[in-house]
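In case you want the letters, here they are:
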Amino acid sequence: MTTIFAQIVRGEIPADIIYQDDLVTAFRDIHPLAPVHILIVSNEVIPTVNDLTIEDEQVAGRMMLVAKKIAEQEGVAESGYRLLINCRDHAGQEVYHLHMHLLGGRPLGPMLARQ
Ligand code: AMP
């Protein structure tokens, strides 16, 4: 299985990659919703959070720790930021390859619009 993010991880299509290790890759979102909008993706294709298994414990933890490190590098650790993972239809997941959004650089407003 391949995805657009897998192609970015393998360097087959361009992206503004700011971090990569053996488990995760981070790059800037092509349509940023905030001054800082970075995606932290698993190097292997895991379609959704629903597909995580105990074998993925390390990659899931790595995503969080890399997010913390990038938030410091991007200068938003003190002002604050949001980490967000969309899972399937109701969350509006567009790319079925596990990724965490790191959003910051301005007040982000409420987590969800009230209906
Ligand atoms: P989600 O809705 O959680 O699946 O988020 C997918 C995100 O991937 C969106 O914010 C898109 O703007 C972003 N995206 C899609 N294609 C690319 C790409 N080639 N490079 C960087 N970001 C992308």
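Above this note sits the structure.
Let us look at the structure shown here. Keep in mind that this is a model prediction, so the values were computed, not measured. (Residues numbered from 1 in each chain as written. Predicted model: local features only at pLDDT ≥ 70, side-chain atom pairs only at ≥ 80, totals over all residues. Heavy atoms only, no water.)

Once that is clear, we can look at helix α2 (residues 57-73). A rise of 1.5 Å per residue sets the reference length of α2, with its 17 residues, at 24 Å; its end C-alpha atoms lie 25 Å apart and thus fit the reference within 8%. Taken residue by residue, α2 has Val 59, Met 63, Val 66, Ala 67, Ile 70 and Ala 71 as its buried positions. Down the axis of α2, the smallest arc covering the buried residues is 140°, so these residues share one side. Of the exposed residues in α2, those oriented more than 90 degrees away from the buried face are Glu 57, Gln 58 and Leu 65. Along its buried surface, α2 packs onto β1 (17-20), β2 (24-28), β3 (36-42), β4 (81-84) and β5 (99-104). (Helix = DSSP H or I, 4+ residues; strand = E, 2+ residues; numbered from the N terminus. Expected span 1.5 Å × (residues − 1). Buried < 20%, exposed > 50% of the residue type's maximum accessible area, 1.4 Å probe, protein only. Arc of directions from axis to C-beta. Contact = heavy atoms within 4.5 Å.)

With that settled, the discussion passes to the site of the ligand. As a structural note, the neighbourhood of the ligand is formed by 16 residues, with Asp 29, Asn 86, Glu 94, His 99 and His 101 the closest of them. Here an oxygen atom of the ligand sits 3.2 Å away from a polar atom, N or O, in the main chain of Gly 92. The separation between an oxygen atom of the ligand and a polar side-chain atom of His 101 is 2.8 Å. Calculation on the ligand without its partners gives an accessible area of 510 Å², and the protein chains cover 87% of this total. When atom positions are compared with the pocket grids, the ligand is found to occupy the largest pocket. With 3 residues, helix α1 (residues 4-9) is the largest single contributor of residues to the shell around the ligand. Among the residues making up the shell around the ligand, the classes are represented as 7 nonpolar, 6 polar and 3 charged. (Near = heavy atom within 4 Å. Polar contact = N/O pair within 3.5 Å; in protein donor to acceptor, adjacent residues only side chain to side chain. Areas by Shrake-Rupley, 256 points an atom, 1.4 Å probe, with all protein chains shown as cover. 1 Å grid on protein atoms, 1.4 Å probe; cavity = no way out; pocket = protein on both sides within 12 Å on 5 of 7 lines; lining within 4 Å. Sits in = over half its atoms within 2 Å of the grid points. Nonpolar A, V, L, I, M, F, W, Y, C, P; charged D, E, K, R; others polar.)

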